[in-house]
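Spelled out from the first residue to the last, the chains are:
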Amino acid sequence: MNAASKPTINWSTRRDEKHSRMDSLKSIVDGSIIPTEKIKEALECLIKSGDKVVLEGNNQKQADFLSRSLASVNPDIVSQLHMIMPSVGRPEHLDLFEQGIARKLDFSFSGQQSLRIGQLIEDGLLEVGAIHTYIELYARLYVDLTPRVALLAGFKADRAGNIYTGPSTEDTPALIEATAFRDGIVIVQVNEIVDNASDLPRVDIPASWVDYVVQADKPFFIEPLFTRDPRLITDVHVLMGMLAIRGIYERHKVQSLNHGIGFNTAAIELLLPTYGESLGLKGKICRHWTLNPHPTLIPAIESGWVESVHCFGTELGMEEYVAARPDVFFTGKDGSMRSNRAFCQLAGQYAVDMFIGSTLQVDGDGNSSTVTRGRLAGFGGAPNMGHDPGGRRHPSAAWLDMRPNDDLLTKGRKLVVQMVETFQNSTSPTLVEELDALAMARDYKMPLAPVMIYASDVTHVLTEEGIAYLYKAESLDQRRAMIAAVAGVTPIGLKRDPEVTANLRAAGLVAYPEDLGIRRSDATRDLLAAKSIAELQDWSDGLYQPPAKFRSW
Amino acid sequence: MSNSPVVKDNSFVEQSARQRIKRLLDKDTMRELISPFERVTSPWLAKQGIVSQFDDGVVIARGKIDGEETVVAAIEGSFQGGSLGEVSGAKIAGALELAVEENAKGNPMSAVLILETGGVRLQEANLGLAAIAEIQSAIISLRKYRPVIALVTGPVGCFGGMSISAALCSYIIMTREGRLGLNGPLVIEQEAGIVEYNASDRPFIWSLIGGKQRFESGLVDSYINDSQKSVREAVVDHLNRGVPSVHRTEKYCDLLEAFLHLDTQDQITPENAQQLLMEGGGHE
């Protein structure tokens, strides 16, 4: 081919654009440091209307100085942004849409802001791209949602831009890599700027991935989301915990697992050193965990049950305890924990035997959802944990135990356990005829109902009535009868046929407490290894420092 | 692995009212009076759509502590916030009056009150108030003969009219988690405003009315840890001390004197409060 005939193509438009935007900022910045008071001006230079912007609303830590600053830019200069956010947790995240600075939103989880998102959609101010699970959203950053700008948060930076994110590393590496390596602009807010890398506890993000750092006006917002006060665990939670340990953990020899957040699973954690010990299960189950550092796991760790815990994020108050147990937790050379949500989600998806968690609604087939009408709460990470990954190839005892036969071509399955009380409160059954998620999909004309965990992935449903071993079901009708057998006095449960239930119990497809040798009257709070936050602190030898809202002294 | 992998059941705070009495009394000496089987229950709660309880949230028992005849009343904090109504209040007053009668007959009998209460049960208003007045009158009669010990371990704490009853007792024993005050934090927040007194700022609340602060201000006699062993030891110790020569409430003049000099311009700190109360004769 003749060289002269080849058209001239600019293969670096993204890089040129990045450099031109950064050049416009030269007079404001000091090397890579944006002065705190110049942040609004800087954002108006660095972000152009219509950009894809990833903002570190995480499950826990929040780049809230940057989100507040972004909400203060002039909508005549910056508008129509396409925001990409793992978690929409702060009021200003939605102010962006109300003021016209942003228009489109791709996200995973919204929690507290779920009602307002619904309202903004109805008002035509916010357009949802899609609702994702965490790793699904990270994955799209590397395909069709690559950001122009990333707004992130860390504890400390040096003047060159090396970042210490420490125990709260969470989503940062996943978000930053997609931006930094495709000529996006990376801005990190930190609580403190030090002179040299040697003044940082360790470097979690190297300076060459970072374009700017800015000292925040106040430390980033972070909330203890995973602390459950043992005082609020009831005798019913204890009974369900005993059922889980006896009828699932012990039966299937579950070695590695993820626990959802809730009092049900907190009860299991506190029953391991007592009830679990009395069954002689120490060292035989629950050795490896993918889990935030739940304070309720302390007694099990201290009594030698737990070999390893990898964490999505941290939990306030657990820093010193974690640092003092490096054999169990993943920590850096400096001693502090390193969390990483992307890796922990992958670990929870591919490498563990079991996910067990609760939900707000389960239908007669076993589909579950946390959506209630008008609230677009998103998914977070539960669907990643709560499904059977088709790409898994390594066997384990529990995984193989889910097989219907020993054929060399039959795959095993991850255990996905839905652990729910039959009622949320006296008027709202958990087991329902139809999920509210379907009504929501019709309301908002969504192509897909926001289902958290699909029936086809669920292997067990556990309620205070008993356990339904759904993976053994031979037909859809049998599966429905099994769920009805443990559905108590909910509308679904009332439809069950006592004779069918008796047959299911006899066949081992459904187990009530008596079938597992559990006396309901034994299920009392006395079995909990710790009954209060103070006792958790005692177990930790004073290393756990509960946040003020959990203290009663 | 510093802890043994067994149930940690040595906490007193975590026990129910009935279990607390059982752990406090000498082994096999507990005899419950007006037990739930007698079904003496509040006639007022059901009328207001509230499920009543067969012991009305108060457990009364006779037994021995270190060999000494004692009557114990324990309020169950998990039933209606430990509030005292007509029946529950009368049960405590009756228990104390029983001890007064025994002492008058020459049979020494002490009393221990395990207090987890917000005070009067609002649903029973005046009848609860009257019952608390009877309790206070009985404490004053009994404390001349034998010690009446108030135990405030938390988690509810002791508030309202029953905080006055506690103050009338011969001795008060508290733990870190216990709180003692006339008005509960939420009531003060409502009156004073959240800026001055934020009831959800838990360390702040405990710094003002928690067991440690109350002990260091001289308002209570003993500050102990939460174990069943230390609760029992402290109770035995105070029973052995006998009737105090001067009761705390007989020294009220000294405190009034101190309050006259109090400048309320600035919000009082826990340290200032301690100093003022100690100067006011709170110390022994």
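Residues numbered from 1 in each chain as written. Chains lettered and ligands numbered in written order. Predicted model: local features only at pLDDT ≥ 70, side-chain atom pairs only at ≥ 80, totals over all residues. Heavy atoms only, no water.

(A) Broad picture of the interface of chain A and chain B. Chain A puts 26 residues into the contact, and the matching count from chain B is 19 residues. Contact between chain A and chain B buries roughly 1900 Å² in total, counting both sides, with carbon and sulfur atoms accounting for 49%. It is Arg-231, Trp-539 and Trp-553 of chain A that lose the most area in chain A upon contact with chain B, and together they represent 28% of the buried surface on that side. Joining chain A to chain B, the criterion identifies three salt bridges. Between Glu-14 of chain B and Arg-525 of chain A there is a salt bridge, and its shortest N-O distance comes to 3.6 Å. A per-element tally of the side of chain A that touches chain B places helix H19 (residues 533–539) of chain A first, with five residues. Across the side of chain A that touches chain B, the residue classes break down as nine nonpolar, six polar and eleven charged. (Contact = heavy atoms within 4.5 Å. Buried area = accessible area lost by both parts, 1.4 Å probe. Salt bridge = Lys/Arg side-chain N within 4 Å of Asp/Glu carboxyl O. Helix = DSSP H or I, 4+ residues; strand = E, 2+ residues; numbered from the N terminus. Nonpolar A, V, L, I, M, F, W, Y, C, P; charged D, E, K, R; others polar.)

(B) Structural context of the domain arrangement of chain A. All names here are of chain A. What the domain assignment lists for chain A is domain 1 (23–215) and domain 2 (230–538). Once you take the C-alpha centre of each, domain 1 and domain 2 turn out to be 33 Å apart. If you look at the interface, domain 1 gives 33 residues, while domain 2 gives 29 residues. The junction of domain 1 with domain 2 conceals about 2400 Å² of combined surface from both sides, 56% of it contributed by carbon and sulfur atoms. Summed over the shared surface of domain 1 and domain 2, the number is four salt bridges. Close ionic contact of Asp-204 with Arg-338 constitutes a salt bridge, the shortest N to O distance being 2.9 Å. (Domains from an automatic or database assignment.)

(C) The arrangement of the packing of aromatic side chains in detail. All names here are of chain A. Scanning the entire structure with this criterion turns up seven aromatic pairs over all chains. Centre to centre, the rings of Phe-155 and Phe-220 are 5.0 Å apart; their planes meet at 50 degrees, and the pair counts as tilted. A residue pair is termed long-range when its members are at least 10 positions apart, and Phe-155 in strand S6 (residues 149–158) and Phe-220 in the loop between strand S9 (212–215) and helix H8 (235–252) qualify at 65 residues. According to the relative accessible area criterion, Phe-155 is partly exposed, its value standing at 24%. Under the relative-accessibility criterion, Phe-220 is labelled buried at 6%. Three or more aromatic residues link up through ring pairs in this structure, and these residues are Phe-155, Tyr-164 and Phe-220. Sitting over the ring of Tyr-134, Arg-341 keeps its end group 5.4 Å from the ring centre. (Phe/Tyr/Trp six-rings, centres within 6.5 Å; stacked < 30°, edge-to-face > 60°. Buried < 20%, exposed > 50% of the residue type's maximum accessible area, 1.4 Å probe, protein only. Lys NZ or Arg CZ within 6 Å of the ring centre and 35° of its normal.)

(D) Highlighting the pattern of salt bridges. Residues and elements named next belong to chain A. Taken as a whole, this structure holds 50 salt bridges over all chains when the rule is applied. Glu-302 is the salt-bridge partner of Arg-325, the closest N and O atoms lying 2.8 Å from each other. Taken together, the positions of Arg-325 in the loop between helix H11 (319–323) and helix H12 (341–350) and Glu-302 in helix H10 (residues 298–302) put the pair 23 residues apart, joining distant regions of the chain. Its salt-bridge partner being Asp-522, residue Arg-519 comes within 3.3 Å of it at the nearest N-O pair. On the accessibility criterion, Arg-519 (55% relative accessible area) is exposed. Overlapping salt bridges, with partners in common, bring together Arg-202, Asp-204, Asp-334 and Arg-338 in one network.

(E) View of helix H1 (residues 17–24) of chain B. All names here are of chain B. Taken together, the buried positions of H1 are occupied by Ala-17, Arg-20, Ile-21 and Leu-24. Down the axis, H1 shows its buried residues gathered within 95 degrees of arc, on one side only. At its buried positions, H1 is contacted by strand S2 (58–65), strand S3 (68–75), strand S4 (110–114) and helix H8 (228–241). (Arc of directions from axis to C-beta.)

(F) Quick look at the sheet that holds strand S6 (residues 171–175) of chain B. Residues and elements named next belong to chain B. With mixed pairing, seven strands are arranged side by side in an open sheet as S1-S2-S3-S4-S5-S6-S7. Pairing within the sheet leaves two strands with one partner each, and these edge strands are strand S1 (31–33) and strand S7 (222–224). Taking the axes of each pair of neighbouring strands and ignoring which way they run, one obtains an average angle of 25 degrees across the sheet. Strand direction decides the pairing type here: S2 and S3, joined by eight bridges, are antiparallel. In the sheet register, Lys-64 faces S3, and the bridge partner there is Glu-69. The strands touched by helix H2 (residues 86–104) within the sheet are S1, S2, S3, S4 and strand S5 (148–152), with S2 carrying the most contacts at an inclination of about 25 degrees. (Pairing = 2+ DSSP bridges. Axes fitted to C-alpha atoms, helices over the stretch in contact; angles between N-to-C directions.)

(G) Region of the structure containing H2 of chain B. Residues and elements named next belong to chain B. A rise of 1.5 Å per residue sets the reference length of H2, with its 19 residues, at 27 Å; its end C-alpha atoms lie 26 Å apart and thus fit the reference within 8%. Residues of H2 that are buried: Val-87, Ser-88, Gly-89, Lys-91, Ile-92, Ala-93, Ala-95, Leu-96, Ala-99, Val-100, Glu-102 and Asn-103. Where H2 is buried, its residues meet S2, S3, S4, helix H3 (125–142) and S5. One or two residues past the end of H2 sits Gly-106, with phi positive at roughly 95 degrees. (Expected span 1.5 Å × (residues − 1).)

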